[in-house]
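Secondary and tertiary structure notes
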Amino acid sequence: MKGMKKRNLKAFSKAALIRLSILLFILLGVIGWLWFTCFQMPGKSYSGELLPLMAEEKIIQDNLQRDINKLANDIGARNYSNYENLNAAAYFLKSSFEEAGYKVNEQEYKINNQAFTNLEVEIKGVDKPDEIIVVGGHYDTAFTTPGANDNGSGVAAVLELARRFADKKPSRTLRFVEFTNEEPPYFWTENMGSLVYAKGYKQRNENVVAMLSLETMGYFSEEEETQKYPFPLNLIYPSQGNFIAFVGNIDSSKLVKTSLKYFRKQVKFPSEGLAVFNQIPGVGWSDHWSFWQQGYQAIMVTDTAPFRYTQYHTLDDVSDNIDYEKLARVVSGLEKVIEELVS
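- As annotated in an unreviewed UniProt entry, the chain is Peptidase M28 domain-containing protein from Calothrix parasitica NIES-267.

Next up, the structure:
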């Protein structure tokens, strides 16, 4: 009887060990998959002294500074409760697109008898016109903030990139869009401008192969501990807030990696990439979220906003906080990324 119990105990221990080994193997596989998908990025972030701006980059810098000053200083807070300013920003952006040679498509929709407008311009693709790349940013601001960085920086970047591509002939169709109503109370609701816009693609069964949301891009710091993260990202990424980030969800992992690869290949500027679950705070906090809801690959290009920029959503979000030289480098790099994506 005792011998039988010993044999049964050995058999049970052996079976338990096998199950534990299988579980450990699965766990290691999941960890490996997560690391490769979420955190393993192509190339390396640049570290070192930044090169002097080239002549073209200086032009970009001047244009960015002029446009952000117009939005933040001359117009100021712009949203549903600062409706005249919101319309003034839309008029400025429409006029600027037209000056660059574009015909502007205005997508208007109403909330409580107020009209709100997304602004779109297009360069039709030469070889693959049915494959669409969207580059966008929101021009409204939160509360009463002047919104120089959030999101004057992204709006100005979209506008400047549109200027840079005005005379180019991409293989894929390229659309530049300035969205309304990204901020509260419309954030992540059916009245969010980019969601209204993205739903149109789905209804028309259009093929958006990539969307880049340019969001709060102009603040950088070389100081340690200036960059914060939600756990556990603080265990992986640097504490200096001196980089531009390419952020997406798991489904957009390929687009994150492709865009970051092109950026790092062409630009000597610090950069980081992340493709992770939507539930992590900050990952879906911009207009790319709207495209996720329609099943499209989309990413955010950002300085990480509240995780670095302490003036986020405050009256101190002013144009003097923007590092125009570094923002110009980022925009110049994004021009090269988009050139690759539309080819």
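Text resumes after the structure shown.
Overview of the side chain of glutamine 294
- With respect to the secondary-structure elements, glutamine 294 resides in the loop between helix H7 (288-293) and strand S8 (298-302).
- With near-sequence residues (within four places) excluded, glutamine 294 lies in contact with Leu195, Ala198, Lys199 and Lys202.

As for the packing of helix H2 (residues 55-75) against helix H4 (residues 148-165)
- Packing of H2 against H4 brings their axes to within 9 Å, and their N-to-C directions diverge by 135°. In terms of orientation, H2 and H4 fall into the oblique class. Where H2 crosses over H4, the two elements pack in a sense that is right-handed. Across the interface between the two elements, Glu56, Ile60, Asn63, Leu64, Arg66, Asp67, Ile68, Leu71 and Ala72 of H2 pack against Ala148, Gly152, Ser153, Val155, Ala156, Ala157, Leu159, Glu160, Arg163 and Arg164 of H4.

Focus: helix H3 (residues 83-99)
- The terminal C-alpha atoms of H3, which comprises 17 residues, lie 24 Å apart, in line with the 24 Å expected from a rise of 1.5 Å per residue.
- Taken together, the buried positions of H3 are occupied by Leu86, Ala89, Ala90, Phe92, Leu93, Ser95, Ser96 and Phe97.
- Looking at the packing, one finds that the buried side of H3 touches H2, strand S2 (114-123), H4 and strand S4 (172-179).
- Note on H3: the residue one or two positions beyond its end, glycine 101, has a positive phi of about 100°.

What about the pattern of salt bridges?
- Counted by the stated rule, this structure contains 15 salt bridges.
- Note that arginine 163 is salt-bridged to aspartate 67, the shortest N-O span being 3.1 Å. Separated by 96 residues along the polypeptide, arginine 163 in helix H4 and aspartate 67 in helix H2 bring together distant segments of the chain.
- Given the relative accessible area of 24%, arginine 163 is considered partly exposed.
- Residue aspartate 67 is classed as buried on the basis of its relative accessible area of 2%.
- The partner of arginine 172 in a salt bridge is glutamate 131, and the shortest N-O contact between them spans 2.5 Å.

About the criteria used
Residues numbered from 1 in each chain as written. Predicted model: local features only at pLDDT ≥ 70, side-chain atom pairs only at ≥ 80, totals over all residues. Heavy atoms only, no water. Helix = DSSP H or I, 4+ residues; strand = E, 2+ residues; numbered from the N terminus. Contact = heavy atoms within 4.5 Å. Axes fitted to C-alpha atoms, helices over the stretch in contact; angles between N-to-C directions. Parallel < 35°, antiparallel > 145°, perpendicular 65-115°, else oblique. Left-handed = near helix turned anticlockwise from the far one by under 90°. Expected span 1.5 Å × (residues − 1). Buried < 20%, exposed > 50% of the residue type's maximum accessible area, 1.4 Å probe, protein only. Salt bridge = Lys/Arg side-chain N within 4 Å of Asp/Glu carboxyl O.

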